[in-house]
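Examining the three-dimensional arrangement
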Amino acid sequence: MTTATTDTIAPTPTPSRHLWRQSRGPLLALLLLVVTGVTLATLQSGEQHGRLDPRSADRTGSRALAQLLSAQGVTTHVVTTSEEAAAAAGPGTTLLVTDPDVLTTRQLTGLRTATAHTSGRIVLLAPGPATLDAFAPHIKAASETGNTARSPACSLPAARRAGDALLGGLRYIAPDGPADRCYLSGDLPTLLRLPAHNTGRDTVLLGSPDFLYNHHLAERGNASLALQLLGAHKHLIWYLPSVSDPASDQDDQRGFLDLIPAGWGWGLLQLAFAAAFAALWRARRLGPLVHERLPVTVPAAETTEGHARLYEQANARDRAAAVLRAATRTRLAPLIGAPPAHAHTPDILLPAVHAHLTTAPLAEAGVHALLFGPAPADDKALVQLADQLDELEISIVSQERHAPREHPDR
């Protein structure tokens, strides 16, 4: 008779389960990346403002200046296209162009034509050669200089009232003629005011806009200069050139970095989060920390020596002398019968010390200088002070030991 035997065979994992085990790690990392991207997109979905924007409270924004202008009764109108700027720059207005060099020749010419015969002022921040050709052909831009506090050195009333201000950047070369040359660097102005002709607009060239930033406005005369230059008229047109300007042909002039999308920084941040989460996921798991009390005994001599070396490194002779004197007064008080609470009161402690110095009396001024005197001038004087304090304490202790004691009658 034959007996059949049956072997138990373990179930083989299906291909789908094996694939899931291999891919769940990358899928988890991808999920974290998507969640991080959505979160960052939500955080940056609010209204954002940039450099020299009067609505921005960042370090390089100009909200503080806009608020000061508003308090002076000056209205600020923000525009982002050259057409809006030309239309808004009517008579009796100030036109501020924050970045004129990004404008095309057609845009610069249009602005110049629209404002040439209207009274007011135009302020150009760090204009380069192309901007100067449109607004001031006879002015040339020189090499840049560092931003620093400079004195006005000119007769322009606004500059003289403001005093020193943070100016620098581009310098300008102007031929002889009626112009205000202020805040010089190497005999060249970093602020140049060109007077108006035929009741048109006077033009102000600023080599650097740094003094208009929020974090520089409160320094020296920056706020005063900015208020006087931009608040000369009741209406201020704040032109922030942008790529949304339909008249802009900047796409033909942009470099490689300008072609990178604006959100590339957030993309790198997402990748950094993903890498950090992956590192945490794959990191080695360590057990909990074990708290162990280790008996540590530090001899008093080592502690004292350590304190002394710290005092020596810090040249804290005054602190060391105060510690020595306080310790001596504390030990002397019970020996001479002074209350411990008044051990550091000269009027109570010093008479008691003199009363117990019968064998080696000291002058009152000497005891006062020893226990309550000034800090030693050098290390030698500090060592001498310590020796004198020891001698004083030893003298009093010795007298207390050998002093005759009265016995009660038997």
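Whatever comes next refers back to the structure up there.
This section reports on the structure supplied with the text. (Residues numbered from 1 in each chain as written. Predicted model: local features only at pLDDT ≥ 70, side-chain atom pairs only at ≥ 80, totals over all residues. Heavy atoms only, no water.)

1. Observations regarding helix α7 (residues 222–230)
The element α7 is extensively covered by neighbouring structure, given that seven of its nine residues are classed as buried. Among the residues of α7, Asn 222, Ala 223, Leu 225, Ala 226, Gln 228, Leu 229 and Leu 230 are the ones counted as buried. (Buried < 20%, exposed > 50% of the residue type's maximum accessible area, 1.4 Å probe, protein only. Helix = DSSP H or I, 4+ residues; strand = E, 2+ residues; numbered from the N terminus.)

2. A short note on the sheet that holds strand β7 (residues 188–194)
Sheet architecture is open: seven strands sit in the order β1-β9-β2-β3-β8-β7-β6, paired in mixed fashion. Of all the strands in the sheet, the pair left with one neighbour each is β1 (75–79) and β6 (180–185). Between one strand and the next, the sheet's axes are offset by a mean angle of 15 degrees, whatever the strand orientation. Direction of pairing for β7 relative to strand β8 (residues 201–206): antiparallel, over a ladder of four bridges. Pairing of Arg 193 across the sheet is with Val 204, part of β8. In the packing of α7 onto the sheet, the strands contacted are β2 (93–97), β3 (120–125), β6, β7, β8 and β9 (235–239), and the crossing angle to β3 comes to about 130 degrees. (Pairing = 2+ DSSP bridges. Axes fitted to C-alpha atoms, helices over the stretch in contact; angles between N-to-C directions. Contact = heavy atoms within 4.5 Å.)

3. Points about the pairing of β9
Counting buried positions over the five residues of β9 gives four, a clear majority of the element. Bridge analysis of β1 against β9 gives five bridges, and the strand direction is parallel. Within β9, the position partnered with Thr 75 by the bridge is His 235. Relative to β9, β2 is paired through five bridges, and the arrangement is parallel. For Thr 93, the partnering residue across the bridge sits in β9 and is His 235.

4. Quick notes on the packing of helix α2 (residues 63–71) against α7
One way to put it is that α2 packs onto α7 with a least axis distance of 10 Å and a crossing angle of 60 degrees. Here α2 lies oblique to α7, going by the angle between them. Note on packing geometry: the crossing formed by α2 with α7 is right-handed. Across the interface between the two elements, Leu 65, Leu 68 and Leu 69 of α2 pack against Ala 223, Ala 226, Leu 227 and Leu 230 of α7. Looking at the contact of α2 with α7 residue by residue, the class counts come to seven nonpolar, no polar and no charged. (Parallel < 35°, antiparallel > 145°, perpendicular 65-115°, else oblique. Left-handed = near helix turned anticlockwise from the far one by under 90°. Nonpolar A, V, L, I, M, F, W, Y, C, P; charged D, E, K, R; others polar.)

5. Here's the deal with empty space enclosed by the protein
Per the counting criterion, the structure on display carries one cavity of 30 Å³ or more. Estimated volume of the largest cavity: approximately 40 Å³. Gly 25, Leu 28, Ala 29, Leu 32, Phe 277, Ala 278 and Trp 281 are the residues that line the largest cavity. Counting residues per element, the lining of the largest cavity draws most heavily on helix α1 (residues 15–43), at four residues. A breakdown of the residues in the lining of the largest cavity according to their chemical character gives six nonpolar, one polar and no charged. (1 Å grid on protein atoms, 1.4 Å probe; cavity = no way out; pocket = protein on both sides within 12 Å on 5 of 7 lines; lining within 4 Å. Points joined across faces, edges and corners; volume = space filled by probe spheres on them.)

6. A short note on the packing of aromatic side chains
Inspection of the entire model under this criterion finds one aromatic pair. Here Phe 273 and Phe 277 contribute two aromatic rings whose centre-to-centre distance is 6.5 Å and whose plane-to-plane angle is 25 degrees, an arrangement assigned as stacked. Pair noted here: Phe 273 and Phe 277 are both in helix α8 (residues 264–282), with a separation of four residues, about one helical turn. Judged by its relative accessible area of 34%, Phe 273 is partly exposed. In this structure Phe 277 comes out as partly exposed when scored by relative accessible area, which is 33%. In this structure, Arg 282 is placed above the aromatic ring of Trp 281, and the distance from its NZ or CZ to the ring centre is 5.1 Å. (Phe/Tyr/Trp six-rings, centres within 6.5 Å; stacked < 30°, edge-to-face > 60°. Lys NZ or Arg CZ within 6 Å of the ring centre and 35° of its normal.)

7. Observations concerning the layout of surface pockets
Approximately 470 Å³ is the volume found for the largest pocket. Contributing to the lining of the largest pocket are 15 residues, with His 307, Ala 308, Tyr 311, Ala 320 and Leu 382 lying nearest its centre. Every element with two or more residues in the lining of the largest pocket is listed here: α9 (300–313), α10 (317–336) and α13 (379–402). For the lining of the largest pocket, the leading source of residues is α9, giving five residues.

8. Digging into α2
Think of an α-helix as 3.6 residues a turn; residues three or four steps apart then line up on the same face. Taken as a whole, α2 has its buried residues at Leu 65, Ala 66 and Leu 69. Around the axis of α2, the buried residues are gathered within 100 degrees of arc, so they sit on the same side. Exposed and facing more than 90 degrees away from the buried side of α2 are Gln 67 and Ala 71. Close packing links the buried residues of α2 with β1, α7 and β9. Two residues or fewer after α2 comes Gly 73, characterised by a positive phi angle close to 85 degrees. (Arc of directions from axis to C-beta.)

9. Let's talk about the side chain of Thr 190
Tracing the chain through its elements places Thr 190 in strand β7. At a separation of 2.7 Å, a polar atom in the side chain of Thr 190 contacts the main-chain carbonyl oxygen of Tyr 183. (Polar contact = N/O pair within 3.5 Å; in protein donor to acceptor, adjacent residues only side chain to side chain.)

10. Things to note about the pattern of salt bridges
Tallied over the full model, the rule gives eight salt bridges. When the shortest N-O distance is used, the salt bridge between Arg 193 and Asp 180 registers 3.0 Å. With Arg 193 in strand β7 and Asp 180 in strand β6, this residue pair connects regions lying 13 residues apart in the sequence. The class for Asp 180 is buried, based on a relative accessible area of 14%. Across the salt bridge formed by Asp 202 and Arg 193, the nearest N and O atoms sit 3.1 Å from each other. (Salt bridge = Lys/Arg side-chain N within 4 Å of Asp/Glu carboxyl O.)

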